[in-house]
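Here's the letter readout for the chains.
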Amino acid sequence: MTHMVYLPFNYAALCRWSGRRRMMRKGVFDDGLALHVLLSGVFGKGVLQPFRVFRPARAEEATLYAYSELEAAALREMSEVAAPPDCLEILDVVGLRVKPMPARWAARQRLGFDIRVRPVRRLARDLPDPQSAKVISKGSEIDAFRYELLRRAPDGWEERDVGSTTGVSRGEAYAGWLAERLTGAAKVDLGSCRLASFRRNRVIRGDGRGPEGPDSVLHGECVVEDPGAFAATLAKGVGRHRAYGYGMLIVRPPGTAPLSR
């Protein structure tokens, strides 16, 4: 059974802890990587995954939500057995709260959702980029919006005229990307789906800096199509980089305000 986990933590302490372990690469700090390493060391690899961080601007305290197969007692026991003391100075395990998610969802149930994603596509072939006059190599990770621009306007476009030239906005491209990944589990109401926030950042993967790409939050509503597939999607997460703070589908009653704004 999937459980939703609430875990407060000290963001400033996480930054200091990461600094001592030299997780920063060429001026880049990836809190998703830091939490991936921290949570794996305290609870086990993949135990709290996917996860999502909520943190007011410049606040020292933050909140982590995650999905896990383990109940609260098992999570606390693992932290008591395996967690290094300095990790417990970051995580408020005493404040940990857990609730079971539905074992089976109702078909045609309408739900609101809030999800942070990294909407990227892996290229199946080399693709010419008219904006840079270069070729984007097969296997490259590319922003889903840029992919749509290249697909719809292969001869190029002007940044000021993207919408009228290609017929797609960034929000629409990302909503379509999400709808594809929920196909078979839930149908996204594209009319309700909106891009709540967007930025570009660079992540750290392996021993060096990883790709720069989109970091986006989508709000909207969907209708459950296959209850079993929806439960599996919820537990697994959506899209790439699910182990690093992306892809957690947080559901809410339709027509209500999401947790993030």
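Residues numbered from 1 in each chain as written. Predicted model: local features only at pLDDT ≥ 70, side-chain atom pairs only at ≥ 80, totals over all residues. Heavy atoms only, no water.

### Brief notes about the packing of helix 2 (residues 31-43) against helix 3 (residues 72-82)
Test applied: The angle between two axes is taken between their N-to-C directions and runs from 0 to 180 degrees, where each axis is a line fitted to C-alpha atoms and a helix contributes only its stretch in contact. For helices the rule is a DSSP run of H or I covering at least 4 residues; for strands it is a run of E covering at least 2, with both sets numbered from the N terminus onward. Comment on the angle field: the value is read as roughly parallel under 35 degrees, roughly antiparallel over 145, roughly perpendicular from 65 to 115, and oblique elsewhere. Contacts: residue pairs with any heavy atoms within 4.5 Å of one another. Three classes are used, and their members are as follows: Ala, Val, Leu, Ile, Met, Phe, Trp, Tyr, Cys and Pro are nonpolar, Asp, Glu, Lys and Arg are charged, and the others, Gly among them, are polar.
Where helix 2 contacts helix 3, the axes come no closer than 7 Å and their chain directions differ by 90°. The angle between helix 2 and helix 3 falls in the class roughly perpendicular. Between helix 2 and helix 3, the residues in contact are Gly41, Val42 and Phe43 and Leu75, Met78, Ser79 and Ala82, respectively. Here the contact of helix 2 with helix 3 is built from residues that sort into five nonpolar, two polar and no charged.

### Some points on helix 3
Filter applied, for reference: Here the term buried applies to any residue with accessible area under 20% of the maximum for its type, exposed to any over 50%, and partly exposed to those in between, with areas from a 1.4 Å probe on protein chains only. Here the arc refers to the directions that run from the helix axis out to each C-beta atom.
Looking at helix 3, one finds that the buried residues are Ala72, Leu75 and Ser79. Axial view of helix 3: buried residues confined to an arc of 70°, hence all on one face. Within helix 3, the exposed residues directed more than 90 degrees away from the buried face are Ala73, Glu77, Glu80 and Val81. On the buried face of helix 3, the contacting elements are strand 1 (3-10), helix 2, strand 3 (61-68), helix 4 (85-88) and strand 4 (97-100).

### With respect to the sheet that holds strand 2 (residues 51-54)
In a beta sheet, neighbouring strands pair by backbone hydrogen bonds and run either parallel or antiparallel. For clarity, the cut-off: Two strands are counted as paired when DSSP detects at least two bridges linking them.
Sheet architecture is open: four strands sit in the order 2-3-1-4, paired in antiparallel fashion. Lying at the two open borders of the sheet, with one neighbouring strand each, are strand 2 and strand 4. Ignoring strand direction, the axes of neighbouring strands in this sheet form an average angle of 20°. As paired strands, strand 2 and strand 3 are joined by four bridges and run antiparallel to one another.

### A look at the packing of aromatic side chains
What counts, and what does not: Note on ring pairs: Phe, Tyr and Trp rings are taken, using the six-membered ring of Trp, and paired if centres are within 6.5 Å. Classes follow the plane angle, with under 30 degrees stacked, over 60 edge-to-face and the rest tilted. Charge-over-ring contacts are defined here by two conditions on Lys NZ or Arg CZ: a distance within 6 Å of the ring centre and an angle within 35 degrees of the ring normal.
Under the criterion given, the structure shown has five aromatic pairs. Geometrically, the ring pair formed by Phe54 and Tyr65 is edge-to-face, given 5.7 Å between the ring centres and 85° between the ring planes. Of this pair, Phe54 sits in strand 2 while Tyr65 sits in strand 3, and the two are eleven residues apart along the sequence. Across the pair, exposure class does not vary: Phe54 and Tyr65 are buried alike. Centroid distance Tyr174 to Phe198: 6.3 Å. Interplanar angle 40°. Geometry classified as tilted. Taken together, the residues Tyr174 in helix 7 (residues 170-182) and Phe198 in strand 11 (residues 194-205) connect sequence positions 24 residues apart. According to the relative accessible area criterion, Tyr174 is buried, its value standing at 0%. An aromatic cluster is built from Tyr6, Phe54 and Tyr65, whose rings are joined through pairwise contacts. Cation over ring: Arg55 sits above Tyr11, and NZ or CZ is 3.9 Å from the ring centre. Seen from the ring of Phe198, Arg170 lies directly overhead, with NZ or CZ sitting 4.1 Å from the centre.

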